[in-house]
Amino acid sequence: MTSTAPRPARPFGAVGTAMVTPLTEDGHGVDLDAAQRLADHVVRHGNDMIVVSGTTGEAPTLTDVEKLELARAVKSAVDPEITVVAGVGTYDTAHSIDLAREHAKLGVDGLLVVTPYYSKPSQAGIIAHTTAIADSTDLPVMLYDIPGRTGTPLSTATLLRLGENPRIRAVKDAKADLHQASMVMAQTDLVYYSGEDGLNLPWLSIGASGLVSVVGQVAGDLERELVEAVDRSDLAAARDAHQRLVPVTEAIMNHMPGAVAAKAALHLQGVLPHAVMRGPHVPADTDQLRMLQAALDAAGLA
């Protein structure tokens, strides 16, 4: 027997895609038409949130102008009820504030702020940096805690402190610390989004509000099934959706960079015209493409 549990707070939606950035065939520009078609595709396949200019969107290789053009194009391509979140975090506080303000002018719905990378500031520095960005606009902020890339995890004390800011509403967690998240959720109004596709079901089971997924642009309908099964407390259906996602999650997340795999998979599905990357990423090779195609076939996503 299943029941419908109270739905968690979802300030950014429930099923989100960390969207790749389609490039022109020479890689020198952003293909805005392809970006709009991709945005429409992910919305038609179960997503109610799109994150642009994140890690999967190759944000470090995009110019500020490209980021703004991309956000504008995606926002105009989807219905107003779809949440569009723009990645604005960098290792430079002033630069991040400028990006936040310029994106706010475009009418995006929220900001993704990654922990400053490379410089590895102290927790006090992270608090000052993130607070300054959050206070620079009226938009809600989602923190992005991914120490595997930034080198510095957000401590529990830092999360509790940042949770006091009314504009800082959520955490995208990619460090797999479910115990810490449980403590933070118990003591603040911060909501959590799974930032690690292999752990989507465990995250939802402890009260995460939703997902910000690389796999979501390839398998959004399955991820919607997973979220809705958890919402109605149907563990059997949630496990079934989770198991059907396993082969494609394994192929996309564990054998090459997620941005490379997601673009290649979207090209194999016929959603993108090609899978051009910007350096330092290189496109998937023949063996990787063969593995991705097999995974899509196994998940019924070809």
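Only a predicted model underlies this, so the values are computations on that prediction, with no experimental measurement involved.

**A short note on the UniProt feature "site: Part of a proton relay during catalysis" (unreviewed entry) in the protein chain**
Within this numbering scheme, the UniProt entry marks Thr-55 and Tyr-118 as carrying the feature "site: Part of a proton relay during catalysis" (unreviewed entry). In three dimensions, the annotated residues from a span of 64 residues occupy one location, with a maximal C-alpha spread of 14.5 Å. Along the chain, the position of Thr-55 falls in the loop between β2 (49-52) and α2 (64-77). On the basis of relative accessible area, Thr-55 is assigned to the partly exposed category, the value being 29%. Setting aside residues no more than four positions away along its own chain, Thr-55 makes contact with Tyr-144, Arg-149 and Ala-259. Looking at the secondary structure, you find Tyr-118 in the loop between β4 (110-114) and α4 (123-134). Among residues more than four places away in sequence, those in contact with Tyr-118 are Tyr-91 and Thr-150.

**Points about the packing of helix α10 (residues 235-253) against helix α12 (residues 286-298)**
At a minimum axis distance of 8 Å, the contact between α10 and α12 shows a crossing angle of 160 degrees. Between α10 and α12, the interaxial angle falls into the category roughly antiparallel. Remark: the crossing between α10 and α12 carries left-handed chirality. On α12, the residues touching Pro-247, Val-248, Ala-251 and Ile-252 of α10 are Met-291, Leu-292, Ala-295, Leu-296 and Ala-298.

**As for the side chain of Thr-150**
Considering the arrangement of structural elements, one finds Thr-150 in helix α5 (residues 147-150). Of note is the side chain of Thr-150, whose polar atom sits 3.1 Å from the backbone oxygen of Thr-152. Residue contacts for Thr-150: discarding those within four places in its chain leaves Val-114, Thr-115, Pro-116, Tyr-117, Tyr-118 and Lys-120.

**Observations concerning the pattern of salt bridges**
Counted by the stated rule, this structure contains 13 salt bridges. In this structure, Asp-40 engages Arg-44 in a salt bridge whose closest nitrogen and oxygen atoms are separated by 2.8 Å. You can see Asp-40 and its partner Arg-44 sitting in helix α1 (residues 32-44), four residues apart, about one turn around the helix. Arg-224 serves as the salt-bridge partner of Asp-48, at 3.4 Å between the closest nitrogen and oxygen.

**Some thoughts on the pairing of strand β5 (residues 141-145)**
Burial of β5 is extensive: five of the five residues sit out of reach of the surface. Of the two faces of β5, the one carrying Val-141, Leu-143 and Asp-145 and the one carrying Met-142 and Tyr-144 are both buried. Here four bridges tie β4 to β5, and the two strands are oriented parallel to one another. Residue Val-113 lies in a different strand from β5, and its bridge partner there is Leu-143. The parallel pair β4 and β5, bridged by α4, forms a crossover whose chirality is right-handed. As paired strands, β5 and strand β6 (residues 168-173) are joined by five bridges and run parallel to one another. Paired with Tyr-144 across the bridge in β6 is Lys-172.

**Description of α12**
Between its terminal C-alpha atoms α12 stretches 18 Å, which fits the 18 Å expected from 13 residues at 1.5 Å a residue. Elements that come into contact with the buried residues of α12 comprise α9 (216-231), α10 and α11 (258-268). N-capping of α12 is provided by Asp-285, with a side-chain oxygen placed 3.2 Å from the backbone N of Asp-287. Downstream of α12 by one or two residues, Gly-300 has phi in the positive range, about 70 degrees.

Definitions and cut-offs
Residues numbered from 1 in each chain as written. Predicted model: local features only at pLDDT ≥ 70, side-chain atom pairs only at ≥ 80, totals over all residues. Heavy atoms only, no water. UniProt positions renumbered as here; feature names shortened; annotations may be inferred. Helix = DSSP H or I, 4+ residues; strand = E, 2+ residues; numbered from the N terminus. Buried < 20%, exposed > 50% of the residue type's maximum accessible area, 1.4 Å probe, protein only. Contact = heavy atoms within 4.5 Å. Axes fitted to C-alpha atoms, helices over the stretch in contact; angles between N-to-C directions. Parallel < 35°, antiparallel > 145°, perpendicular 65-115°, else oblique. Left-handed = near helix turned anticlockwise from the far one by under 90°. Polar contact = N/O pair within 3.5 Å; in protein donor to acceptor, adjacent residues only side chain to side chain. Salt bridge = Lys/Arg side-chain N within 4 Å of Asp/Glu carboxyl O. Pairing = 2+ DSSP bridges. Right-handed = clockwise from strand over helix to strand, strands pointing away. Expected span 1.5 Å × (residues − 1).

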